[in-house]
Amino acid sequence: MSSKVGRYRGSVKDYPDFDASQDAETLYKAMKGFGSDKQAILDLITSRSNQQRIQIIQAYKSLYGKDLIEDLKYELTGKFERLIVGLMRPPAYFDAKEIKDALDGVGTDEKCLIEILASRDNQQIHALVEAYKDAYERDLETDVITDTSGHFKKMLIVLLQGTREEDDIVSDELVAQDAQELFEAGEVKWGTDEAQFIFILGSRSRTHLQLVFDEYEKIAGKKIEESIKGELSGDFEKLMLAVVKCIRSTRNYFANRLYKAMKGMGTADNTLIRIMVSRSEIDMMDIRESFRSQYEKSLYSMIKNDTSGEYKKALLNLCGGDDDAAGEYFPEAAQVAFQKWELSATTAARIELKGTIKPAADFNADGDGKALRKAMKGFGTDEDTIIDIVVKRTNSQRQEIKQAFKSHFGRDLMADLKSELSGTLAKLVLGLMMTPAQFDAKQINKAIVGAGTDEKVLIEIMATRNNQEIQAINEAYQEGELTVYSVCSSHSKGHGN
């Protein structure tokens, strides 16, 4: 199993106590004689990592003087054969075979080209190009040029260079410049400057482009995907959309591809096989989680309902578990949330965080307190004034307003707001008036009190706060419990209980 940076997110791991010769013997016996033991074959191959499978191929050759892949092709048929044989190839050679199949014959499988070339990193692209040359004694770039055309071809060639920037140091000025140039190349320009889209989307780093997409939405008033759909067309449009989706979230992209492969009548088995094979030792656990979140069903259950026979059994083994089963889904969600926190914490160290609320100029806590009291006094409530003050003050300024309100009127501002407002507006305003730690503590309390537990809230908060924030939440939670307890005790005593 190849070493990965950080937490391993594949569904297939190195088999413990691995013995290549013993596995080779087991496979030989499974294929010897009349018929073959397909269950034994799929159980063994889907429970070994790719590096272990390569060792089994070598041991098989040494022991029996035969090519294991050729024997598997002879014994197996159809989709099951394609899946098992695909697992036996090194990742780069698997990608090379998929690309070769996509380019050969009548017509071109553009969807396959898009999926592979839009989703692979520089290292994977370089390995793919070398594997293609080694396996077929042909130049992949030349074959792509021969078989494709127009801007679609140009972008594929850019991706085939494997030269996307990998430096995560981001320049705010370059982010703004690229976003503006994309806007002017499409929405502003009569016609479209496709070269600008190709250059920026084909060369900039993932971190940089994620920020460019955010900045673009501010400038254009729409997502970059909407502009691509309006400005580009055909396979070029599909390719650029795939690049954007992979930049935003590779796991979401593959979850969507898998869903579409099985949705409706029939199954796009080549797509299903390609993704399950190629991602089983990279990010299948993340893809599973994304699938469950987006479509409210597990990838496991959809594969189970959409396929059959040994093919289904092998795919389910590669899936690695059912997220609809008890105890499966939320642990995965917590790990994914933690990964997001790690990424955001790393990015935040390099990029200045920019909130939407800034300290109000010429702030006067006592004046704001009086304005709020006036807005709630008498018949009816001036909600506009309340909203205007609360959303235009920072949290620390709101805390000063609460203190000034108490000092001036001898009243609890939170209690008054709760009495005057209702529904979602009340929840929003009261939430803003709490300290961040108090707000988080209240959300956690609501998540665990009553029937059932809202695990999503617990995951979101506990996986994304830093140590200082967690400690503050603990303190706020304890203070909140004491307050509730004292209120309840007073209430009980008042009733003679």
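As a convention, each chain's residues are numbered from 1 in the sequence order in which they are written. In keeping with the predicted nature of the model, local features appear solely for residues at pLDDT of at least 70, side-chain atom pairs appear and are counted solely at 80 or more, and the whole-chain, interface and lining totals rest on all residues. Water and hydrogen atoms play no part in the side-chain values, which are based on all heavy atoms of the structure.

(A) Region of the structure containing the overall build of the protein. For helices the rule is a DSSP run of H or I covering at least 4 residues; for strands it is a run of E covering at least 2, with both sets numbered from the N terminus onward. When you go through the protein residue by residue, the secondary structure sums to 29 helices and zero strands. Only protein chains enter the accessibility calculation, which uses a 1.4 Å probe; a residue whose area is less than 20% of its type maximum is buried, one above 50% is exposed, and one in between is partly exposed. Per-residue burial for the protein yields a buried fraction of 42% across its 497 residues. By definition in these notes, contact holds between two residues if any of their heavy atoms fall within 4.5 Å. Counted over contacts in the protein with a minimum sequence separation of 6, partners at least 24 positions apart contribute 70%.

(B) Structural view of the packing of aromatic side chains. Aromatic rings from Phe, Tyr and Trp, with only the six-membered ring used for Trp, were paired whenever their centres fell within 6.5 Å, and each pair was classed as stacked if the ring planes differed by under 30 degrees, edge-to-face if by over 60, and tilted otherwise. Summed over the entire model, instances satisfying the criterion amount to 10 aromatic pairs. By way of ring pairs, the aromatic residues Tyr-28, Tyr-60 and Tyr-64 are connected into one cluster. For Arg-48, the ring lying beneath its charged end belongs to Tyr-15, and the centroid distance is 3.6 Å. A ring is considered to have a charge above it if a Lys NZ or an Arg CZ atom is located within 6 Å of its centre and within 35 degrees of its normal. Over the face of the ring belonging to Phe-409 we find Arg-373, whose NZ or CZ atom lies 5.9 Å from the ring centre.

(C) A look at the packing of helix H16 (residues 250–262) against helix H18 (residues 284–295). Two elements in contact, H16 and H18, have axes whose closest approach is 8 Å; the angle formed by their N-to-C orientations is 65°. With respect to their mutual orientation, H16 and H18 come out roughly perpendicular. In terms of crossing hand, the pair formed by H16 and H18 is right-handed. Counting all contacts with H16, which are made through Arg-251, Asn-252, Phe-254, Ala-255, Asn-256, Leu-258 and Tyr-259, the residues of H18 involved are Asp-286, Ile-287, Glu-289, Ser-290, Phe-291, Gln-294 and Tyr-295. Of the residues that constitute the contact of H16 with H18, the class distribution is seven nonpolar, four polar and three charged. Axes here refer to lines fitted to C-alpha atoms; in helices the fit is confined to the stretch in contact. Angles between the N-to-C directions go from 0 to 180 degrees. Roughly parallel means an angle under 35 degrees; roughly antiparallel means over 145; roughly perpendicular covers 65 to 115; every other angle is labelled oblique. Crossing handedness is defined as follows: a turn of the near helix away from the far one that is anticlockwise and smaller than a right angle gives a left-handed crossing, while the clockwise case is right-handed. Any residue outside Ala, Val, Leu, Ile, Met, Phe, Trp, Tyr, Cys, Pro, Asp, Glu, Lys and Arg is labelled polar, Gly included; the first ten of those are nonpolar and the last four are charged.

(D) Focus on the packing of helix H15 (residues 234–248) against H16. At a minimum axis distance of 5 Å, the contact between H15 and H16 shows a crossing angle of 125°. Taken together, the axis directions place H15 and H16 in an arrangement best described as oblique. For the pair H15 and H16, the contacting residues are Ala-242, Lys-245, Cys-246 and Arg-248 in the first and Thr-250, Tyr-253 and Asn-256 in the second. Tallied by class, the residues present in the contact of H15 with H16 amount to three nonpolar, two polar and two charged.

Interpretation note: all reported values are geometric properties and have no functional meaning in isolation.
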